[in-house]
Amino acid sequence: MSLDRSMYDLNITHAPDLMGHFGVFGGMFAAETLMGPLQELKDAFQSAWADPQFHAERMDLLEHYVGRATPLYHAKHLSNAVGGAQIYLKREDLTHTGAHKINNTIGQALLAKRMGKKRVIAETGAGQHGVATATVAAMFNMECDVYMGREDTIRQAPNVFRMKLLGANVIPVDSGSATLKDALNEALRDWVASCEHTFYIIGTVAGPHPYPLMVRQFHAVIGQEARAQMLQQTGKLPDVAVACVGGGSNAMGLLHPLRDDPVRLVAVEAAGYGLNSGQHSASLLRGKKGILHGNLTYLLEDDEGQVEGTHSISAGLDYPGVGPELAAMFDQGVLDLDSATDKEALAAFQQLTKTEGIIPALESSHALAAGMRIAATMREEQSVLINLSGRGDKDMNTVMKLLGEQV
Ligand SMILES: *Cc1c(COP(=O)(O)O)cnc(C)c1O
């Protein structure tokens, strides 16, 4: 499918206030020295977003490099197996690099280029955002340093190798628990010292303003396409739209363009071993208000205010916070929350694979699990739109272990 430009609405609606507040959430909690660079970034984003040339270049890359528009697929076999509403999948798994993350890294790298920055840095947990950043850095010929918790570099060795192949430098972080939240802190620390020539590419709708807004806008192509494709294929909008939430970027990408429509919006958190097990990543369902990564949001912290370790079968959902706009939408009652355990996600992973011949990412399998549960309670003429945020190739080792299989 070629890119029909009329699908893409460039108006920014539901913007935060000047300091980046969505309700009481968000804001700019950053070192004094970063206030200048954040303001500069805000101005650059605003001017880029208003510039047709910026969008022409972005759309050209989204079409020819990323492979947009991604298909909307009516999963008839899965719908029949579930028995209920028709299930439609937005196929972000078919993008270059295999997940939605590239929509954002393309946008931010273009902005870096426009601002004359020759070096980009990023934080990564599972390595997916690191790979998406290293990919665009290779293509734009930019120097690229990726901060990654030492623990994660061991758990996610293939992604470390991918980043190295792409020419990026992976910097293991030993502080704290040597995982994502520590990598975030190190990346921010680097940026404080290097912002004159360095662009910090944040991987989800988090960070200090303007990141949550910017990342949402770069991912909005997902929901804009899906909305147009649903109307084209079914003549109406979906009744429900479902996406999994780590930081919330694929969820905001899908749901933002549908939020003014009569569509029920559902975000699905990772319940790990269960919401009451203490081992999950459900920041909205089980978190408290606090500050993480430069913004006020819901996060998982203990009574002393220490950020807690998280658990999920899917490394990409294993983030102790959540984007501030999702926190605000949840508080305002415009976003419904659901969750899926490791077990439920694995079952959904297997079911989609067997019924449709599509192997989903374990992250996306959480959205599938909840989406199927919801569809089962609905009528045949209704529809549920699920964001298939990525493909499952990266998860083969995890799944093999869990199923006790060998090659
Ligand atoms: C990283 C990732 C996620 C979670 O990140 P969000 O910012 O919440 O979208 C979900 N799905 C896939 C496939 C991912 O790689």
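Check the entry above for the structure.
What this report covers is the structure whose coordinates are included nearby. (Residues numbered from 1 in each chain as written. Predicted model: local features only at pLDDT ≥ 70, side-chain atom pairs only at ≥ 80, totals over all residues. Heavy atoms only, no water.)

Quick word on the overall build of the protein
Let me state the cut-off plainly: Each helix corresponds to a stretch of at least 4 residues labelled H or I by DSSP, and each strand to a stretch of at least 2 residues labelled E; elements are numbered beginning at the N terminus. Computation of the radius of gyration draws on C-alpha atoms alone. For the globule rule, the value is 2.2 Å times the number of residues to the power 0.38. Per-residue accessibility, obtained with a 1.4 Å probe over protein chains only, is compared with the maximum for each type, and a residue is labelled buried under 20%, exposed over 50%, and partly exposed between these values. Any two residues whose heavy atoms approach within 4.5 Å at even a single point are treated as in contact.
A count of helical and extended segments in the protein gives 16 helices and 14 strands. The C-alpha radius of gyration computed for the protein amounts to 20 Å, which stays within 12% of the reference 22 Å derived for 407 residues, consistent with globular compactness. Projected onto the principal axes, the alpha-carbon positions of the protein cover approximately 55 × 45 × 45 Å. Counting every position in the protein, which comprises 407 residues, the buried fraction comes to 61%. Here the analysis covers contacts within the protein between residues at least 6 apart in sequence; of these, 74% occur between residues at least 24 apart.

A closer look at the site of the ligand
Definition in use: We call a residue near a molecule or strand whenever a single non-hydrogen atom of that residue lies within 4 Å of it. All accessibility values rest on the Shrake-Rupley procedure with a 1.4 Å probe; residue burial counts only the protein chains present in the view. As a working rule, the residues Ala, Val, Leu, Ile, Met, Phe, Trp, Tyr, Cys and Pro are called nonpolar, Asp, Glu, Lys and Arg charged, and the rest polar, with Gly in that last group.
The environment of the ligand is formed by 18 residues, the closest being K101, T204, G246, S249 and S389. Relative to its free-state accessible area of 380 Å², the ligand is covered by the protein chains to the extent of 97%. Of the residues contributing to the shell around the ligand, the split by class is five nonpolar, eleven polar and two charged.

Brief notes about the side chain of T70
Position of T70 among the secondary structure elements: in the loop between α2 (52-66) and β3 (72-74). If we ignore the near neighbours within four places in the chain, the residues touching T70 are K90, R91, E92, T95, E225 and Q229.

Remarks on the pairing of strand β11 (residues 288-292)
The condition is simple: DSSP-based pairing: two strands are paired if at least 2 bridges between them are found.
Here β11 pairs with strand β12 (residues 295-299) via five bridges, running antiparallel. Residue pairing for β12: K289 is matched across the bridge by Y298. In this antiparallel pair of consecutive strands, β11 and β12, the connection spans two residues, and H293 shows a positive phi of 55 degrees.

Thoughts on the pattern of salt bridges
Just so we agree on the cut-off: The salt bridge definition used is simple: a Lys or Arg side-chain nitrogen within 4 Å of an Asp or Glu carboxyl oxygen.
Under the criterion given, the structure shown has 25 salt bridges. The residue K90 makes a salt bridge to E225 at a minimum N-O spacing of 2.8 Å. One end of the pair, K90, is in strand β4 (residues 86-91); the other, E225, is in helix α10 (residues 221-234), with 135 residues separating them in the sequence. Just as K90 is buried, E225 falls in that class too. Across the salt bridge formed by D182 and K181, the nearest N and O atoms sit 3.5 Å from each other. When sorted by exposure, D182 lands in the same class as K181, which is buried. Salt bridges sharing partners connect three or more residues here, namely R68, K90, E92 and E225.

Things to note about the sheet that holds strand β7 (residues 169-173)
Heads up, the condition is: Whenever a helix is involved, its axis is fitted only over the stretch in contact; in every case the axis is a line through C-alpha atoms, and angles between N-to-C directions fall within 0 to 180 degrees.
Across the sheet, which stays open at both edges, the four strands sit in the order β7-β6-β5-β8 with parallel pairing between neighbours. With partners counted over all chains shown, the strands left at the sheet margins are β7 and β8 (198-200), one partner each. On average, each strand axis in the sheet is inclined to that of its neighbour by 25 degrees, with strand direction left out of account. Where strand β5 (residues 119-124) lies against β8, three bridges are found, and the strand directions are parallel. In the strand pairing of β8, R119 is matched with T198. Relative to strand β6 (residues 143-149), helix α7 (residues 157-165) is tilted by about 165 degrees, and along the sheet it contacts β5, β6 and β7.

Digging into the sheet that holds strand β14 (residues 383-388)
In spatial order, the strands read β3-β4-β14-β9-β10-β13; together these six strands make up an open sheet with mixed pairing. Two strands in the sheet have a free side with no partner beyond their single neighbour: β3 and β13 (336-341). The sheet shows a mean angle of 25 degrees between the axes of neighbouring strands, taken without regard to direction. Pairing of β4 with β14, which is carried by six bridges, proceeds in the parallel orientation. Across the sheet, residue R91 finds its bridge partner in β14, namely L388. Relative to the sheet, helix α14 (residues 342-356) contacts β3, β4, β10 (264-272), β13 and β14, its axis offset from that of β13 by approximately 85 degrees.

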